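Structural characterization, general
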Amino acid sequence: MGVEAHATNERVTGRRWTVRLDPVGRGRADVRVSCSRPACAAQVLPSAADGRTAAIAHLKAHLRAGPAPRPSVHCACRAEECHTHIRPAGPRERPVPWRCGGAVVLAVITDREGRWWQVMECCSRCAAAHPTAKVVATAPAAEASARGDGFRADAPAPATPGGPAATTPTFSAISPHFSHSATATATGTAVPQQASAPRSAARSAPRSARPTRKRPPRGRIAQRLVPHDLRPVALRDELTELGELFRAYQARTEPDLEMLADLHARKAEAFNAWAEVTADTGLRLDARRAEQAAATARLQHLHRIGQAPDGEGPAVVRLLTAPAQWNHARAVLAHVAENAPLPGAEARLLVVMVTLRTAQSGVGNLVGQDIKGLPLQDPEHLVGQLVESGWLGISGTVEELIASRPESPTRISVPSLTPDEDDPGPFTFGRKLRPKLSGWAQRVVGEKKLRKGKTGADVRLLALALATGAEGEGRLGPGGEGIGLDALSSWCCVDPADLPDLVDRLTAADWLAEADVTDTLLTGRLTERVLPLGCPLT
């Protein structure tokens, strides 16, 4: 008899499953939607917006097809110290465990960033304790109170009247809205409240057991607080969600310009609607700025992936992709022009390459091929001069540096580039950008046709100058008006009268087209072949 009673009263833990949205790979826009239920296969969607839509549709399909919450199950979140069970405390109070109680419900919990949605079969108290929980179905509370199942009976939900009809679970008449933002009220069935009791009993109940009413946190977007009483409610929820999405984007380690453009477009639409409701001119201006930001981010995204905007020709896929990177490349060349320790084109070219290897911290690695690949007549003598001048430091001898191989590079240092407490150094870019700039310079000075034409250091320096001195379409100089000969001759370490010969050599190497050298200017354009190596003037 005892065994039979134990079997009859044995209870199972409530159901729990999760739908997740994860990136497929680093630097990729497509996402994977997965469900923890065994029969569900993962899906791959082209964007985060499509993935979020598919994830919500998949979750709703489970909720429509799945069984109702069972009144005789254990709470699914019974784990000790579960954050769902811990009631918030003040700065000088210890957190108080939230006791189970009320009817069993089917609740959906999501994170603020919209990356996962979890369905739990739990008690109504635990659902109410979680700020993002949405209750979609409720089991009858009458059985839960009568079964002696371990839920606390001090706060039961009101029994559903009607006899046999009370065994039918109640579902929301409106489909729940799953979002990562917590709203003030759920769109589904409300969480059952405590049964009415005498006021004296309510006053005698311990303070920790009394439910606390808290105003939901106010949304914030673009340094503006979203009013609690803003109507329509859908606009208030959209502004709150957008604020959280923008903050989540700022916490990303890698940019996603397509996602950023979509966020700015949504912000522009929401701010226009907000301005219509409040007649606030500042909101209209913010909406216009958001539209401009969306257009700029979308154009940058198209340039990065090598596509052209509607109605335009093919975009250029550049080695350096952003205006900030182009400006840093020009800053390095300007620093070398002002601080080169030795005269001559060969010394200038070597100083450029070594500077880019050590620009961020003042130290770096160098191998013999890095130097022997440059058009230098006597590389050992030139490196020795840089060491003797104190501008360059090496670990070992010059001969060992020239003979070093990639598996055992030589450590080098440039004291003038080493930051300290008083001097952070001449450059402001970080560690990730430095190898990109160094690789860009190597691609320019080691370009195939320049190598095959056996061009000298002065021609390679002119190629660097023109790559950073042309507009997006390749026209030389600001506005395509040309570059001054004095600046070019100073950078290339040649006489102005020798510049026409260098220009002819670049034209023969298919670097320049329509080139014209006057007494003061060099005009023309870079050929389409070398546009990917350019750093357009902005």
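Everything discussed here concerns the structure shown above.
Read on for a plain summary of the structure.

About the cut-offs
Residues numbered from 1 in each chain as written. Predicted model: local features only at pLDDT ≥ 70, side-chain atom pairs only at ≥ 80, totals over all residues. Heavy atoms only, no water. Helix = DSSP H or I, 4+ residues; strand = E, 2+ residues; numbered from the N terminus. Buried < 20%, exposed > 50% of the residue type's maximum accessible area, 1.4 Å probe, protein only. Contact = heavy atoms within 4.5 Å. Areas by Shrake-Rupley, 256 points an atom, 1.4 Å probe, with all protein chains shown as cover. Pairing = 2+ DSSP bridges.

Section: the overall build of the protein
- A count of helices and strands for the protein gives 18 helices and 17 strands.
- Counting every position in the protein, which comprises 538 residues, the buried fraction comes to 41%.
- Counting only contacts in the protein whose residues sit at least 6 apart along the sequence, the fraction spanning at least 24 positions is 63%.
- Carbon and sulfur atoms make up 52% of the accessible area of the protein, which amounts to about 29,000 Å² in all.

What about the environment of G439?
- By secondary structure assignment, the location of G439 is in helix 14 (residues 433–445).
- Overall, the relative accessible area of 25% leaves G439 in the partly exposed class.
- Placed 119 residues apart in sequence, G439 and L320 show a C-alpha to C-alpha distance of 9.7 Å.

Section: the pairing of strand 12 (residues 363–366)
- Side chains G364 and L366 of strand 12 all project onto a buried face; the interleaved residues V363 and N365 project onto a face where none is buried.
- By the bridge criterion, 4 bridges tie strand 12 to strand 14 (residues 410–413) in an arrangement that is antiparallel. Across the sheet, residue L366 finds its bridge partner in strand 14, namely T410.

Section: helix 12 (residues 379–388)
- Buried residues of helix 12: P379, L382, V383, G384 and L386, and no others.
- For helix 12, the secondary structure elements touched by its buried residues are helix 10 (345–358), helix 11 (368–372) and helix 13 (398–403).
- Phi turns positive one or two residues past the end of helix 12, at G390, with a value near 85 degrees.

Concerning the pairing of strand 7 (residues 116–123)
- Counting buried positions over the 8 residues of strand 7 gives 7, a clear majority of the element.
- Judged from the 7 bridges that link them, strand 6 (residues 104–110) and strand 7 form a sheet pairing that is antiparallel. In the sheet register, V108 faces strand 7, and the bridge partner there is V119.

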